[in-house]
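# Secondary and tertiary structure notes
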Amino acid sequence: MKGWILRRYSGVTSRRFHLQVLLRTALPAAIALCLLMTIIFGLLLPRFEAEMMRRSKEDLRHIVNTAKGVLAHWYQKEKSGELSRAQAQAQAISTIEALRYGKEQKDYFWINDTHPKMVVHPYLSELNGKDLTNYRDPNGKHPFVEMTKVVARRKEGYVNYVWQYKDVARQFMPKTSFVTIFEPWNWIIGSGIYLGDVHEEIAEKSHRLMLICVFIVVLTSLVVIYFTAS
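Summarised in this report is the structure supplied together with it. Since the model is a prediction, treat every value here as computed from it, not as a measurement.

Rules used throughout
Residues numbered from 1 in each chain as written. Predicted model: local features only at pLDDT ≥ 70, side-chain atom pairs only at ≥ 80, totals over all residues. Heavy atoms only, no water. Salt bridge = Lys/Arg side-chain N within 4 Å of Asp/Glu carboxyl O. Buried < 20%, exposed > 50% of the residue type's maximum accessible area, 1.4 Å probe, protein only. Helix = DSSP H or I, 4+ residues; strand = E, 2+ residues; numbered from the N terminus. Core = buried A, V, L, I, M, F, W, Y, C linked by side-chain atoms within 4.5 Å. Contact = heavy atoms within 4.5 Å.

### A short note on the pattern of salt bridges
- Following the criterion strictly, the structure yields nine salt bridges and no others.
- Notably, a salt bridge pairs E82 with K77, separated by 3.5 Å at the nearest N-O pair.
- With relative accessibility at 23%, the residue K77 sits in the partly exposed group.
- With its nearest N and O atoms 3.5 Å apart, the salt bridge here joins K106 to D167. With K106 in the loop between helix 2 (85–98) and strand 1 (110–113) and D167 in the loop between strand 3 (156–165) and strand 4 (168–182), this residue pair connects regions lying 61 residues apart in the sequence.
- On the basis of relative accessibility, which here comes to 38%, the residue D167 falls in the partly exposed class.
- What you see here is one network of salt bridges that share partners, running through E51, R54 and R55.

### Observations regarding the nonpolar core
- Membership of the largest hydrophobic core comes to 23 residues, with the highest contact counts inside it found for L71, I96, I111, W185, W187 and I189.
- When contributions to this core are tallied by element, the ones reaching two or more residues are helix 1 (2–79), helix 2, strand 2 (118–120), strand 4 and strand 5 (187–194).
- If we skip the residues at most four places from it in the chain, W185 touches L71, W74, Y75, E78, R85, A88, Q89 and A92.
- Within the second largest apolar cluster, 19 residues are counted, among which are W110, M118, L127 and V150.

### Comments concerning unusual backbone geometry
- The linkage connecting H115 with the following residue, P116, adopts the cis geometry, with an omega of 10 degrees.
- By the element assignment, P116 lies in the loop between strand 1 and strand 2.
- Despite not being glycine, K155 shows a phi value in the positive range, around 75 degrees.

Pasting the structure below:
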């Protein structure tokens, strides 16, 4: 009887000990996890999202300036006398109109002049040659007038407005476009990113980052608990 009582007491003591050890390790781990989640959601993710947006806009700037090189190429043909201005501009328009990029190869470039008048738009050809002074987006903004103001002040810059989503008629989304002036022809060339697409990409990468961080914390906590309790 005495031996049974001792074994039972020993078992209870052992369980209490392991429980105490578990609490001493699991509780700090849980607190650490909560703190990490707070840091991720409150600090890291907002900064990560802001950096992603900054990079997207910077990439857009580089893409538009690369396309601007197409205009410079055909302008050199005019300057050398190889082509007339009309011929050089026609070749530039044809090249820009055919350019596509992005995951679905549906992102595009357009050209309007400083009047503003549309020179070429690959998806809305009905605008080609049209005066855009009074053109409004669904929110009433004059995006092309704003573009002429931006390039007049700084030669290049970003403009926010609402526009048709790529080649999908009657579907509109907020868009940020980068525009730059090609001064020899007084042309403004631009391209844009749809904010919905950017936010979707940011959410996907943020979710992946969060899962990685949580996995590391949980794995570390389990390892600490295992070695402490064993």
